[in-house]
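Summary of the model geometry
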Amino acid sequence: MTRTEETTVPPIDRVATSRFAVDLAFRNDRYIHEIALLDSTERIVVARSAEPSANLAAHESSNRPENQGAEVPVHQEAHFPRSNPGRTALLVGQSGVHHYSLSIHLSEDDDRRRARIEFDHADRLARIPTEGIRDLSVLYFINLPIVDATDVETERVRWITREPSGLLTIETLREADRPTRIVVAEAGRRGAWIEIAPGATSEFTRRCRYAWTWEEA
């Protein structure tokens, strides 16, 4: 796994529980984020949101599961509501006819053995062009090898973490009757790509909802 000194994205803002964190950084005119486990004094990055094309050059993978017809969200502003300090972040951005928003919310069980991060992406279109519109999609580079995955399904992927010891799960949250799928592809021996994409729609608002959960072993 990646340690703090090895990451290429220094955190600017953080929302976190005692063991689970989302670190936000502004890079190449947009926010990207990392999912990290917190173990004593260590920050252990397990996943990093991918930019539309820049991450391909940084990782050894020709199997990236990116949907070439997908629109990767762009977020340029971040806000942290006082109503839930340290546990909620709201991001917004715009690109062409796309108006993006993202809410990130963290929660933790009382015994601190289980934590959860819910992501709710929305793409609100100013208009729907007659052609050239692309569906919403979210892409991550995972700092865990495929061999550590215990479940690989279209709606859930679960990984074993060793430092700290536990189970890391990403699962889709269904939007109405539109199925959301997860596609996994190997990225060399040390990692993987994950793409989360809801079913296509012709509506003005497109959403992609999913959750990360970490449970202590």
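Going by the structure above, here's the rest.
Throughout what follows, the structure given in this document is the object of discussion. Given the structure is predicted, the values throughout are model-derived calculations rather than measurements.

**Focus: the nonpolar core**
Formed by 39 residues in total, the largest nonpolar core has its most connected members in Ile35, Ile104, Phe119, Tyr140 and Trp212. When residues no more than four places from it in sequence are discounted, the contact partners of Ile104 are Val15, Val22, Leu24, Arg87, Thr88, Ala89, Leu91, Ile117, Glu118 and Phe119. In terms of nonpolar packing, the next biggest core, distinct from the first, is built from 5 residues, Ala50, Phe141, Ala187 and Trp193 among them.

**A few points about the sheet that holds strand 15 (residues 180-187)**
Pairing within the open sheet is antiparallel, and its 7 strands lie in the order 1-2-3-4-11-16-15. Looking at which strands have only one partner, the edges of the open sheet turn out to be strand 1 (13-16) and strand 15. The average angle at which neighbouring strand axes cross in this sheet is 25°, direction not considered. Pairing between strand 3 (residues 30-39) and strand 4 (residues 42-49): 6 bridges, direction antiparallel. Looking at strand 4, one finds that Leu38 is bridged to Arg43.

**Here's the deal with the pairing of strand 16 (residues 191-198)**
Counting buried residues along strand 16, 8 of its 8 residues qualify, which places the element largely inside the surrounding structure. Because side chains alternate across strand 16, one face comprises the buried residues Gly191, Trp193, Glu195 and Ala197, and the other comprises Ala192, Ile194, Ile196 and Pro198, equally buried. Direction of pairing for strand 11 (residues 138-142) relative to strand 16: antiparallel, over a ladder of 5 bridges. Residue Phe141 lies in a different strand from strand 16, and its bridge partner there is Trp193. Where strand 15 meets strand 16, 8 bridges bridge the pair, whose relative direction is antiparallel. Opposite Val183, over in strand 16, you have Glu195 as the bridge partner. Counting the residues between successive antiparallel strands, the hairpin from strand 15 to strand 16 contains 3 residues, one of them, Gly188, with a positive phi of roughly 70°.

Reading the values: rules and limits
- Residues numbered from 1 in each chain as written.
- Predicted model: local features only at pLDDT ≥ 70, side-chain atom pairs only at ≥ 80, totals over all residues.
- Heavy atoms only, no water.
- Core = buried A, V, L, I, M, F, W, Y, C linked by side-chain atoms within 4.5 Å.
- Buried < 20%, exposed > 50% of the residue type's maximum accessible area, 1.4 Å probe, protein only.
- Contact = heavy atoms within 4.5 Å.
- Pairing = 2+ DSSP bridges.
- Helix = DSSP H or I, 4+ residues; strand = E, 2+ residues; numbered from the N terminus.
- Axes fitted to C-alpha atoms, helices over the stretch in contact; angles between N-to-C directions.

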